[in-house]
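Observations on chain architecture
Letter by letter, the chains look like this.
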Amino acid sequence: MNAGIIGTGHYVPEKVLTNHDMEKIVDTSDEWIRTRTGIEERRIASDDMDTSDLAFRAAEDALKDADVKAEDLDMILVATVTPDQPFPSVSNMLQHRLGATKAASMDVAAACSGFMYGLITAKQFIENGAYENVLVIGVEKLSKITNWEDRNTCVLFGDAAGAAVVGPVSDDKGILSFELGSEGSGGPHLYQGKEDDLLYMNGREVFKFAVRQMPESSVNVVKKIGLSEQDVDYLIPHQANIRIMEAARQRLGVPEEKMATAVKRYGNTSSASIPLALSEEVKAGKIKENDLVVLVGFGGGLTWGAVALRWGK
Ligand code: UT7
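Only a predicted model underlies this, so the values are computations on that prediction, with no experimental measurement involved. (Residues numbered from 1 in each chain as written. Predicted model: local features only at pLDDT ≥ 70, side-chain atom pairs only at ≥ 80, totals over all residues. Heavy atoms only, no water.)

**Focus on the packing of aromatic side chains**
One pass over the full model with this rule turns up four aromatic pairs. Note on F209 and F298: the rings are 6.4 Å apart at their centroids and 70 degrees apart in plane angle, and the pair reads as edge-to-face. Separated by 89 residues along the polypeptide, F209 in helix 7 (residues 203-223) and F298 in strand 12 (residues 292-299) bring together distant segments of the chain. Look at F298 and you get buried, because its relative accessible area is 4%. (Phe/Tyr/Trp six-rings, centres within 6.5 Å; stacked < 30°, edge-to-face > 60°. Helix = DSSP H or I, 4+ residues; strand = E, 2+ residues; numbered from the N terminus. Buried < 20%, exposed > 50% of the residue type's maximum accessible area, 1.4 Å probe, protein only.)

Okay, structure coming up:
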């Protein structure tokens, strides 16, 4: 038995902040942001909407798509570095709010790789037969920890939620291989400050790491199942920077129209970026039954994760 994604969902806040809006906040330009990152606009959650509110909406969307009832969930895993509060966890809050009466719940913290860590954790519980339906959510309200005076970082991030229901699928479908990794020595390149709770990043160092790691992990997961780059039909990379995403796409030889580019409209939404991009591509009918899809992410930690999955149930 394999574990696969049997439903996807997402939610983005209504408020749009364009690059031109950013020009009024810090010394930057639409041209710089577009050419250096590919970002055109991002979404910002209102003050009365916290991380769990974003997650709740994405969860409802994914459950509906999967045709799974909240009371049939065995586990809820929420990947986030911007929880409402340290505890109770966002997943605990959702367990109650969704009415997931029998679900265990915990949050996963692996920065932008969090959804990948959650997804691969869910896979273990499904494949060992312990659980049948696991809801995995990636969600961030990064605007809470963004330093709106630092042009190096504030132009990059946005708020969003993405979700996937993971369940048993037939042997030839679902998550066929994975890779997870971490390199704690890179911690100082991307972290939340202890004094002010704000996000700090050495963009150039993270960039160097990401352009090496994303293509490498993508190739590794495909090789693990005895296939090669040419067999990849669709690429959903972490939506941090179009230049990093392009490095992975070109290494795999995937055509431009077969890579999700939600980064343009939402910026970098950390844990939410991969499930959000996946959900959008699925809703647009771009991912077809039997497509070999690679999901690949990297982030603070440093951390990374990738899966090769055969789409379908
Ligand atoms: O989710 C994982 C987390 N993060 C990432 O994936 C980020 C990875 N890194 C990146 O995406 C890129 O490194 C950045 C987009 C952050 C920066 O692009 P870059 O091509 O690496 O630029 P840079 O850091 O080398 O900076 C180039 C110049 C600098 O000016 P000087 O020192 O050369 O005069 C910056 O001060 O661009 C300047 N700059 C800006 N200018 C206008 C930095 N931010 C801005 C800005 N507007 N917003």
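So, next bit.
**Here's the deal with the UniProt feature "active site" (unreviewed entry) in the protein chain**
The feature "active site" (unreviewed entry), as given by UniProt, occupies C112, H238 and N268 in the numbering adopted here. On the basis of their most widely separated C-alpha atoms, the annotated residues across 157 residues gather in one place, lying no more than 8.9 Å apart. With respect to the secondary-structure elements, H238 resides in the loop between strand 11 (234-237) and helix 8 (242-252). Residues in contact with H238, not counting those within four places in the same chain, are C112, M214, M245, N268, S270, S273, I274, V296, G297 and F298. Of the polar contacts made by the side chain of H238, one reaches the side chain of N268; its length is 3.5 Å. Residue position: N268 is located in the loop between helix 9 (263-266) and helix 10 (273-283). Judged by its relative accessible area of 8%, N268 is buried. Residues contacting N268, with those up to four places away along its chain left out, are I39, C112, L142, L156, F157, G158, H238, Q239 and A240. (UniProt positions renumbered as here; feature names shortened; annotations may be inferred. Contact = heavy atoms within 4.5 Å. Polar contact = N/O pair within 3.5 Å; in protein donor to acceptor, adjacent residues only side chain to side chain.)

**Brief notes about the sheet that holds strand 8 (residues 174-182)**
In a beta sheet, neighbouring strands pair by backbone hydrogen bonds and run either parallel or antiparallel. One open sheet accounts for four strands, arranged 8-13-12-11; its pairing is mixed. Edge positions in the sheet fall to strand 8 and strand 11, since each of these pairs with one other strand and no more. Across the sheet, the mean angle from the axis of one strand to that of its neighbour is 10 degrees, orientation sign disregarded. When strand 12 meets strand 13 (residues 303-310), the two strands line up antiparallel, connected through eight bridges. By the bridge assignment for strand 13, V293 is matched with L309. Packed onto the sheet, helix 5 (residues 114-127) meets strand 8, strand 12 and strand 13 and runs at close to 130 degrees relative to strand 8. (Pairing = 2+ DSSP bridges. Axes fitted to C-alpha atoms, helices over the stretch in contact; angles between N-to-C directions.)

**Topic: the packing of helix 7 against helix 8**
Two elements in contact, helix 7 and helix 8, have axes whose closest approach is 9 Å; the angle formed by their N-to-C orientations is 30 degrees. With respect to each other, helix 7 and helix 8 are oriented roughly parallel. Judged by the sense of rotation from one axis to the other, the crossing of helix 7 with helix 8 is right-handed. Contacts between helix 7 and helix 8 involve F207, A210, V211, M214, P215, S218 and V219 on the former and, on the latter, R243, I244, M245, A247, A248, R251 and L252. In the contact of helix 7 with helix 8, the residues fall into 11 nonpolar, one polar and two charged. (Parallel < 35°, antiparallel > 145°, perpendicular 65-115°, else oblique. Left-handed = near helix turned anticlockwise from the far one by under 90°. Nonpolar A, V, L, I, M, F, W, Y, C, P; charged D, E, K, R; others polar.)

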